[in-house]
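Overview (structure and organization)
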Amino acid sequence: MSSGFKPGRNGGVIAAFEAAEVSLLRSLVSMMLGIVSPGQTSDDPLERALGIGDTAVPSDPVLARLFPSAYEDEKDSAEFRRYTEATLRDGKRADAQTVFDTAEPGHAELTAEQAQAWLRSLNDVRLTLGIKLDVTEEVHDEIAMMSEDDPRYPAYVTYDWLTYLQDSLVRALW
């Protein structure tokens, strides 16, 4: 298993990944690329060019978690979503693509910008997996008590591994 991230040069980070870990990471960020498809924009060419999109709160719980309402007031939240969600989706896709493109077996050195993209993308993947698994604060206790034969076990261990990677990346960056 990966030893996590270590500080690198000029604000970058260094990590070493096994081929299976890279395969898993690429699979997870590919899933994110599918989930966070480009946002719906208006038929109006100017609105489309500016990324002005839909105002509806996503009905999918994963998308609702990735793109939460910014305000309690529905009207204010809809207006904010209209002007930001398409751009936020583009950013999440770019971050996932960065992970996909830079995850390599063996020694990997990421620039500071790539490391920040990894941090955001790992967070998105963890949020997605956490929603799908209905993760609670007791996740570590659940994993400790779970049999390795439990069909949920690989997904929970993956969630735990992503948590470890994200934590080591935060520590390497700061």
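To continue, consider helix α5 (residues 112-133). With 22 residues, α5 should cover 32 Å at 1.5 Å per step; its first-to-last C-alpha distance of 31 Å lies within 8% of that length. Taken from the residues just after α5, D134 is the one with a positive phi, measuring 55°.

Further remarks concern the confidence of the model for the protein chain. Per-chain confidence: the protein chain averages 89 in pLDDT, with 91% of residues scoring 70 or above. Per-element mean pLDDT across the protein chain ranges from 69 in helix α2 (residues 45-50) up to 96 in α5.

In this section: the environment of I131. Structurally, the position occupied by I131 is in helix α5. Between the C-alpha atoms of I131 and V62, which are 69 residues apart in sequence, the distance is 6.1 Å. What I131 contacts, discounting residues up to four positions off in sequence, is P61, V62 and R65.

It is worth spelling out the packing of aromatic side chains at this point. For the coordinates displayed, the defined rule picks out four aromatic pairs. Each ring, one from F5 and one from F17, has its centre 5.8 Å from the other, and the planes form 70°; the classification is edge-to-face. On the criterion of sequence distance, the pair formed by F5 in strand β1 (residues 5-7) and F17 in strand β2 (residues 13-17) is long-range, its members being twelve residues apart. Looking at F5, the relative accessible area reads 4%, which means it is buried. Ring geometry for Y71 against F80: centres 5.7 Å apart, planes inclined by 85°, an arrangement best described as edge-to-face. Relative accessible area serves as the criterion here: at 44%, Y71 is assigned to the partly exposed category. Seen from the ring of F100, R26 lies directly overhead, with NZ or CZ sitting 5.6 Å from the centre.

Before going further, it helps to spend a moment on the packing of α5 against helix α7 (residues 153-173). It is at 10 Å that the axes of α5 and α7 come closest, and there the two elements cross at 155°. Here α7 runs roughly antiparallel to α5, going by the angle between their axes. Where α5 crosses over α7, the handedness of that crossing is left-handed. Residues A115, Q116, W118, L119, L122, N123, V125, R126, L129, G130 and L133 of α5 form the contact with α7, whose participating residues are A155, Y156, T158, Y159, L162, T163, L165, Q166, L169, V170 and L173. For the contact of α5 with α7, the per-class residue count stands at 15 nonpolar, six polar and one charged.

This brings us to the environment of F67. Relative to the helices and strands, F67 resides in the loop between α3 (61-66) and α4 (74-102). Looking at F67, the relative accessible area reads 3%, which means it is buried. Here the alpha-carbon distance between F67 and V57, two residues ten residues apart in the chain, equals 8.2 Å. Discounting chain neighbours no more than four positions away, the residues touching F67 are V36, P58, R81, E85, L88, R89 and K92.

Procedures and definitions
- Residues numbered from 1 in each chain as written.
- Predicted model: local features only at pLDDT ≥ 70, side-chain atom pairs only at ≥ 80, totals over all residues.
- Heavy atoms only, no water.
- Helix = DSSP H or I, 4+ residues; strand = E, 2+ residues; numbered from the N terminus.
- Expected span 1.5 Å × (residues − 1).
- pLDDT = per-residue confidence, 0-100.
- Contact = heavy atoms within 4.5 Å.
- Phe/Tyr/Trp six-rings, centres within 6.5 Å; stacked < 30°, edge-to-face > 60°.
- Buried < 20%, exposed > 50% of the residue type's maximum accessible area, 1.4 Å probe, protein only.
- Lys NZ or Arg CZ within 6 Å of the ring centre and 35° of its normal.
- Axes fitted to C-alpha atoms, helices over the stretch in contact; angles between N-to-C directions.
- Parallel < 35°, antiparallel > 145°, perpendicular 65-115°, else oblique.
- Left-handed = near helix turned anticlockwise from the far one by under 90°.
- Nonpolar A, V, L, I, M, F, W, Y, C, P; charged D, E, K, R; others polar.

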